[in-house]
Amino acid sequence: MITYNAEGIAMPKIRRRDTTAWIRQVAASYGRQVGDVGYLFVNDERILEVNNEYLGHDYYTDIITFDYDEGDTIHGDIVISLDTVRSNAEKYGKPYDEELHRVIIHGILHLCGINDKGPGEREKMEAAENRALQLIKK
């Protein structure tokens, strides 16, 4: 089950049914099924608190993914700062909705085993995000 919640910020206008189907399709393309995945949309201050509390990081970010995978079934909690998503959309000259969907699927790709911190990994993640974005219904 995929859940979508917001804390301290308005829920983004996403089509939940279409987004859920898209997430399942992307996960399946990596041989994974979707178990329990919870999205929590927050503001910058809240994601900074989460980053400090759980990861010991003292900086803002657009997404934090907590991975509870079991075999081929993905489980996790994904915290997304809508403030940072909006500022990144402006920074990179992208529509807000596209940047939001990029971040939504970024967390799923992490749960599917794609990393973005090591040499050459960021390019692989960006390519996977771009492939996934081509699949979403507009």
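It should be emphasised that the depicted structure is a prediction, and the values quoted were computed from it without experimental measurement.

Q: Give a description of the overall build of the chain that names residues and reports values.
A: A count of helical and extended segments in the chain gives five helices and four strands. Listed N to C, the secondary structure of the chain is β-α-β-α-β-β-α-α-α in terms of helices and strands. Compactness check: the chain gives a C-alpha radius of gyration of 14 Å against a globular reference of 14 Å for 138 residues, within 12% of the reference. Counting only C-alpha atoms and orienting by the principal axes, one finds that the chain spans roughly 35 × 35 × 35 Å. Burial statistics for the chain: of 138 residues in total, 46% are counted as buried. Long-range pairs, those at least 24 residues apart, make up 64% of the contacts in the chain between residues at least 6 apart in sequence.

Q: An account of the pairing of strand S2 (residues 33–42) is needed here, citing residue identities and associated values.
A: Burial analysis of S2 places seven of its ten residues in the buried class, which makes it a mostly covered element. With five bridges connecting them, strand S1 (residues 2–6) and S2 associate as parallel partners. Bridge pairing in S2 places Thr3 opposite Gly38. As a crossover connection, the stretch from S1 through helix H1 (residues 16–29) into S2 is left-handed.

Conventions and cut-offs
- Residues numbered from 1 in each chain as written.
- Predicted model: local features only at pLDDT ≥ 70, side-chain atom pairs only at ≥ 80, totals over all residues.
- Heavy atoms only, no water.
- Helix = DSSP H or I, 4+ residues; strand = E, 2+ residues; numbered from the N terminus.
- Rg over C-alpha atoms; globule rule 2.2 N^0.38 Å.
- Buried < 20%, exposed > 50% of the residue type's maximum accessible area, 1.4 Å probe, protein only.
- Contact = heavy atoms within 4.5 Å.
- Pairing = 2+ DSSP bridges.
- Right-handed = clockwise from strand over helix to strand, strands pointing away.

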